[in-house]
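The chain contents come next:
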Amino acid sequence: MKLIKRSRYYNKFEPFILFIKVDESCNLRCEFCYQKAKKPFRLDTEEKFKRCFQNLDAGIDKFLKYTQTDYEYSQLCICFFGGEPTLNTEAINKICDHILNNYSLEERNKIGLTYTTNGIIFDDKVKETLIKMKSINENYVGIMISTDNDKEVYDKNRHLIGKKESGFDIVQRNIKLYKEFLYEVNGGEYDKDIKISTVLATPEQILNNPMLIQDEYKDILRRGKFLYYTEQQSPEY
C-alpha cells in the first residue's frame, strides 16, 4: 500500500480506497476482461483470511493514522472486488464481522463499504450481505454495477454462462431491485446507493458514448445520475 502525498492535486474530500478481491471467478465471459487468462483466486481458507485480515488491519490503521496528520482523507472506502464478488458473499460477511469485532463505532464510522458487481445476482444471500455491510456503522451502503445501456452491445461483449436469457435483461431487473432494497437498508437515502460503470473497450462500446448511457439510466438511478466509465482501447479499434 502506497501513501499518496499531498500535492496541488490533493483533495481532502477524496476517500482512501482499499480493494479486496474475494473471488476472481465470474458468471460472465466478457470480451474485454483482463482476467480471462488468469486462474481464479477465491478467498475461502483460514490461511487466506489470515493474510487478508493482516492486510486489512494494516490499511485501516494507516488510514486512521493519516487522518490524525496532514492527510485529511474524508473516508476509508473498502471495495469488494472480483471477478464477481457476489459469488462469495460468505467472505464479505466474514470481513464485516472482523471489522465489527476489532474496531470501535467511532472508527467504523470513518469506513464506507461497497462492491463492484455485474448485477447478475440479486438473491437472499446478497440481501443478507448488504444488511451486514450496513451494520458496520451509521453510513450508507452503496454498490457499483458494471453494464451497458444497449442490449445489442451488451450481448455481443458480455456472455452469460449457463443461461439462455440475455444478461442485459437480468441486470435491468436487478438494478431496480437493488434500488428498492438499498432504499430500505439506507433508511431513505436517495443519493449514493447505486453507481453505473461501463467499460469502453470494444468498438461497439466506444461508439456507445457515455451521454447515451447516462440518458438510459436517468430513470433508474437516483438523483445525481452517477456515471463512471473506463476507457480501454480495443486492438481492433
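Residues numbered from 1 in each chain as written. Predicted model: local features only at pLDDT ≥ 70, side-chain atom pairs only at ≥ 80, totals over all residues. Heavy atoms only, no water.

Engineer: Please clarify how the overall build of the protein should be interpreted in this entry.
Structural biologist: Within the protein, the secondary structure is distributed over eight helices and eight strands. The proportion of buried residues among the 237 residues of the protein is 46%. Pairs at least 24 apart in sequence give 77% of the contacts found in the protein among residues at least 6 apart. Carbon and sulfur atoms make up 50% of the accessible area of the protein, which amounts to about 13,100 Å² in all. (Helix = DSSP H or I, 4+ residues; strand = E, 2+ residues; numbered from the N terminus. Buried < 20%, exposed > 50% of the residue type's maximum accessible area, 1.4 Å probe, protein only. Contact = heavy atoms within 4.5 Å. Areas by Shrake-Rupley, 256 points an atom, 1.4 Å probe, with all protein chains shown as cover.)

Engineer: Got a minute to help me understand unusual backbone geometry in this structure?
Structural biologist: Peptide bonds are, in most cases, trans, and in most cases residues other than glycine have a negative phi. Of note, the bond from G82 into G83 is cis; its omega dihedral lies within 30 degrees of zero at 10°. Summarising the element assignment, G83 is placed in the loop between strand 3 (76-82) and helix 2 (89-102).

Engineer: Would you mind going over the nonpolar core with me for this structure?
Structural biologist: If you look at soluble globular proteins, the nonpolar side chains tend to sit buried side by side. Counting 51 residues, the largest nonpolar core has I95, I99, L130 and Y178 as its most contacted members. Sequence-distant contacts of I95, defined by excluding residues within four places in its chain, comprise I20, V22, L43, C52, F53, L56 and F80. (Core = buried A, V, L, I, M, F, W, Y, C linked by side-chain atoms within 4.5 Å.)

Engineer: Help me understand the pairing of strand 5 (residues 143-146), please; the structure alone is not making it clear to me.
Structural biologist: Two faces, one strand: in a regular strand the side chains alternate between the faces of the sheet. What you see with strand 5 is no split at all: I143 and I145 on one side and M144 and S146 on the other are buried throughout. One ladder, built from two bridges, connects strand 4 (residues 111-117) with strand 5; its direction is parallel. Bridge assignment links T116 to a residue of strand 5, and that residue is M144. Chirality of the crossover, the property in question, places the unit of strand 4, helix 4 (residues 124-134) and strand 5 among those that are right-handed. (Pairing = 2+ DSSP bridges. Right-handed = clockwise from strand over helix to strand, strands pointing away.)

Engineer: What's the story with helix 1 (residues 46-66) in this structure? I'm lost.
Structural biologist: An α-helical turn contains 3.6 residues, so any two residues separated by three or four positions project in the same direction. Its 21 residues give helix 1 an end-to-end C-alpha distance of 30 Å, which sits within 8% of 30 Å, the value for a rise of 1.5 Å per residue. For helix 1, the complete set of buried residues consists of F49, C52, F53, L56, G59, I60, F63, L64 and Y66. The buried side chains of helix 1 occupy one side of the element, clustering within an arc of 160° when seen end-on. Exposed positions of helix 1 whose direction lies more than 90 degrees from the buried face are N55 and K65. Its buried side turned inward, helix 1 meets strand 1 (16-23), strand 3, helix 2, helix 3 (105-108) and strand 4. (Expected span 1.5 Å × (residues − 1). Arc of directions from axis to C-beta.)

Engineer: Looking at this structure, how should I read the pattern of salt bridges?
Structural biologist: Side chains carrying opposite charge are able to pair once their charged atoms draw close together. Under the definition given, this model contains 10 salt bridges. A salt bridge links E24 to K21, with the shortest nitrogen-to-oxygen separation between them at 3.1 Å. Judged by relative accessible area, which is 13%, E24 ranks as buried. For K21, a relative accessible area of 28% translates into the label partly exposed. Bridged by salt links that share partners, the residues D23, R42, D44 and K48 form one connected network. (Salt bridge = Lys/Arg side-chain N within 4 Å of Asp/Glu carboxyl O.)

Engineer: How do you make sense of the side chain of E84 when you look at a structure like this?
Structural biologist: Position of E84 relative to the elements: it lies in the loop between strand 3 and helix 2. Salt bridges are absent for the buried E84, whose nearest opposite-charge side chain, R158, sits at 8.6 Å. A distance of 2.7 Å separates the side chain of E84 from the side chain of T117, its partner in a polar contact. Among the polar contacts made by the side chain of E84, one reaches the main-chain amide nitrogen of N118 at a distance of 2.8 Å. When neighbours within four sequence positions are excluded, E84 is seen to be in contact with D23, S25, C26, N27, T117 and N118. (Lys, Arg positive; Asp, Glu negative; His and termini not counted. Polar contact = N/O pair within 3.5 Å; in protein donor to acceptor, adjacent residues only side chain to side chain.)

Engineer: How should I be thinking about the packing of helix 2 against helix 4 in this particular structure?
Structural biologist: Each packed pair of helices is defined by two parameters, the angle between the axes and the distance between the axes. The geometry of helix 2 relative to helix 4 is characterised by a closest axis approach of 10 Å and an angle of 15° between their N-to-C directions. On the basis of their axis angle, the class for helix 2 and helix 4 is roughly parallel. The element helix 2 and its partner helix 4 pack so that their crossing is left-handed. Contacts between helix 2 and helix 4 involve T89, E90, I92, N93, C96 and D97 from the first element and K125, V126, T129, K132 and M133 from the second. A class-by-class count of the residues in the contact of helix 2 with helix 4 yields four nonpolar, three polar and four charged. (Axes fitted to C-alpha atoms, helices over the stretch in contact; angles between N-to-C directions. Parallel < 35°, antiparallel > 145°, perpendicular 65-115°, else oblique. Left-handed = near helix turned anticlockwise from the far one by under 90°. Nonpolar A, V, L, I, M, F, W, Y, C, P; charged D, E, K, R; others polar.)

Engineer: Explanation requested: the packing of aromatic side chains in the structure shown.
Structural biologist: The description of an aromatic ring pair rests on the distance of the ring centres and on the angle between the ring planes. Overall, the coordinates contain five aromatic pairs when judged by the stated rule. Ring centres of Y154 and F168 lie 5.9 Å apart, and the angle between their planes is 70°; this geometry places the pair in the edge-to-face category. In this pair, Y154 sits in helix 5 (residues 151-157) while F168 sits in helix 6 (residues 167-185), placing the two residues 14 residues apart along the sequence. Put simply, the rings of F122, Y178 and F181 pair up and form one aromatic cluster. Directly above the aromatic system of F49 lies the positively charged group of K94, at a separation of 4.3 Å from the ring centroid. (Phe/Tyr/Trp six-rings, centres within 6.5 Å; stacked < 30°, edge-to-face > 60°. Lys NZ or Arg CZ within 6 Å of the ring centre and 35° of its normal.)

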